[in-house]
Amino acid sequence: MKVEMKAMHHPVKEGRSWSVLFSSFRVQLLLCLSVGVILPAMLYVPGDLFAAAQNQAAKNTSIAAAIATFVGVLAVRKMGEFPGTITASYIFPALACSYSLVMLLTLLLRAPYSGALLSLSFLLVLGMRFSIDAIERRSDRNFYYLVPGGEIDRIRRDIGVPYQMLQTPALPRETNHAIIVTDLRHDHAPEWERTFAVAALNGIGVYHYKQIWEARTGKVRIEHLSENSLGSLIPSNSYGKMKRAIDITITLVALPLLLIPLAVTALLIRLDSPGPVFFRQERIGFRGRSFRVLKFRTMRVAAPKTDADDQRNAAITKDDDDRITRLGHFLRQTRIDELPQLYNILRGEMSWIGPRPEARPLSEWYESEIPFYSYRHIVRPGITGWAQVNQGHVAGIREVHDKLRYDFYYIKNFSMWIDLVVLFKTVVVVIRGIGAK
């Protein structure tokens, strides 16, 4: 079958289940607006919604709450779609951020508002969204039916969910939560192709196996490039420009707040071990251009290496590397050593979020060993990234190959939503102190 069928995320069936009903974004938004906006407005002016609409403070607050609810519920929805994310963990941060932003906007506009009404709205929306999430998780019982043929065996050991092989071209007996997974590029018999069509007509999702593999692992398979692979991985230029503006704005706001912590860190480094405060290293970045990354020094100063193998080995940070100073362990664990890279962000060499830039010796080595490695340079490298929050620090070829899959997944899903997921995951990683060497 040469044409891929579009996956159906929420099939329409007779006797629609509660999980399908509550998984609808429109239903979620309607419930949250009803409970979090309309109900508080009625309570603000008891029994008279029209009177509440005439009250300027109540009206402004209700409009702000409606905007915050829409943005927060949408953010939870979008971020929960990425692999390895638990929707419930994003509900409070997303709604808290959206309500804080509309509160700040209201204050800047000097519009009359009710803090009590906005707080009540936030709490009710929060409770409703957590209730919806509980119903969704309780009803989520998707079962995967795998069709023999092609590359389907490659997914059997990776998806980590209950599955069953379909031995004959017929619909599964249990269709309520059924998902059919097949290699749609394989030349299936006509009976199987008719089964796929009938399944789609009956509201059963039919997925290409790569879709399921990516959705379960958060990685993109890169063993070889099939037709249009590079075209499907080209990131959004419009978001790239917006992201650059956001990077500059956040950096300019953060710099004055970080000046004193940066100065204290620099002083501690000088007192902890001999050598310069900063560590500079040539790395490969956006569109394959080299640049000098700026970090706080966390290792003891060593003699420069001239041999290519020695340079490559020196660029690799090993487990419990004895070159790391006492203070360096703390700086790496908390990622404070990365903060001077704000300088690289302002210069346009880096972003807050993106694939990590590698040292030139390592990048050249990886590129000689791994096909398509250079394609990761199509977006600006970042201080943190999708691979870092999912995999941590790596150095060996096999680990780098897996890391590249994460990088390609990030590029393929290049958007504000995956950046927000990376941001939240980075906070968790820093608090827990994992993934550093």
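What counts as what
- Residues numbered from 1 in each chain as written.
- Predicted model: local features only at pLDDT ≥ 70, side-chain atom pairs only at ≥ 80, totals over all residues.
- Heavy atoms only, no water.
- Salt bridge = Lys/Arg side-chain N within 4 Å of Asp/Glu carboxyl O.
- Helix = DSSP H or I, 4+ residues; strand = E, 2+ residues; numbered from the N terminus.
- Phe/Tyr/Trp six-rings, centres within 6.5 Å; stacked < 30°, edge-to-face > 60°.
- Lys NZ or Arg CZ within 6 Å of the ring centre and 35° of its normal.
- Core = buried A, V, L, I, M, F, W, Y, C linked by side-chain atoms within 4.5 Å.
- Buried < 20%, exposed > 50% of the residue type's maximum accessible area, 1.4 Å probe, protein only.
- Contact = heavy atoms within 4.5 Å.
- Axes fitted to C-alpha atoms, helices over the stretch in contact; angles between N-to-C directions.
- Parallel < 35°, antiparallel > 145°, perpendicular 65-115°, else oblique.
- Nonpolar A, V, L, I, M, F, W, Y, C, P; charged D, E, K, R; others polar.
- Arc of directions from axis to C-beta.
- Patch = residues over 30% accessible without salt bridge, like charges linked within 9 Å, V, L, I, M, F, W, Y side chains within 5 Å.
- Areas by Shrake-Rupley, 256 points an atom, 1.4 Å probe, with all protein chains shown as cover.

1. So, the pattern of salt bridges
Side chains bearing opposite charge may pair, as long as their charged atoms lie close to each other.
Link 1 in the chain: What the rule picks out here adds up to 14 salt bridges.
Link 2 in the chain: A salt bridge links Asp-402 to Lys-219; the shortest N-O distance between them is 3.0 Å. Note that Asp-402 is positioned in helix H17 (residues 397-412) and Lys-219 in the loop between helix H9 (209-217) and helix H10 (229-233), a separation of 183 residues in sequence.
Link 3 in the chain: With a shortest N-O distance of 3.5 Å, Asp-402 and Arg-405 are connected by a salt bridge. Here the residue Asp-402 and the residue Arg-405 both occupy positions in helix H17, the gap between them amounting to three residues, near one helical turn.

2. Some words on the packing of aromatic side chains
Link 1 in the chain: Counting across every chain of the model gives 13 aromatic pairs.
Link 2 in the chain: An aromatic cluster is defined as three or more aromatic residues linked by ring pairs; in this entry it consists of Phe-82, Trp-386 and Tyr-409.
Link 3 in the chain: Over the ring of Phe-286 we find Arg-380, and its NZ or CZ is 4.6 Å from the ring centre.

3. Digging into the nonpolar core
Link 1 in the chain: In terms of nonpolar packing, the biggest core is built from 49 residues, with Met-79, Phe-82, Tyr-99, Trp-386 and Tyr-410 touching the most fellow members.
Link 2 in the chain: Elements with a minimum of two residues in this core: helix H2 (25-44), helix H4 (56-79), helix H5 (87-109), helix H6 (115-139), helix H15 (360-369), helix H16 (386-390), H17 and helix H18 (416-432).
Link 3 in the chain: Setting aside residues up to four positions removed in sequence, Phe-82 forms contacts with Trp-386, Tyr-409, Asn-413, Ser-415, Trp-417, Ile-418 and Val-421.

4. Remarks on the packing of H4 against H18
Link 1 in the chain: Running from N to C, H4 and H18 point in directions that differ by 85°, and their axes come no closer than 9 Å. The pairing of H4 with H18 is recorded here as roughly perpendicular in orientation. From H4, Leu-74, Ala-75, Lys-78 and Met-79 reach across to H18, where they touch Trp-417, Leu-420, Val-421 and Phe-424.
Link 2 in the chain: Class assignment of the residues belonging to the contact of H4 with H18 gives a composition of seven nonpolar, no polar and one charged.

5. Focus on the environment of Met-42
Link 1 in the chain: With respect to the helices and strands, Met-42 occurs in helix H2.
Link 2 in the chain: Residue Met-42 is classed as partly exposed on the basis of its relative accessible area of 35%.
Link 3 in the chain: Residues Met-42 and Ala-58 lie 16 residues apart in sequence; the distance between their C-alpha atoms is 9.7 Å.

6. Considering helix H13 (residues 326-334)
Link 1 in the chain: Here H13 has its buried residues at Leu-327, Gly-328, Leu-331 and Arg-332. Projected down its long axis, H13 shows its buried positions confined to an angular sector of 130°, all on one face.
Link 2 in the chain: Buried residues belonging to H13 abut helix H11 (237-272).
Link 3 in the chain: A positive backbone phi angle near 65° is found at Arg-335, which sits one or two residues after H13.

7. Considering a nonpolar patch on the surface
Link 1 in the chain: Together, Ile-260, Val-264, Leu-267, Leu-268 and Leu-271 give the surface a local cluster of nonpolar side chains, amounting to about 530 Å² of exposed area.
Link 2 in the chain: For Leu-271, the location among the structural elements is in helix H11.
Link 3 in the chain: The exposed category is assigned to Leu-271, whose relative accessible area is 67%.

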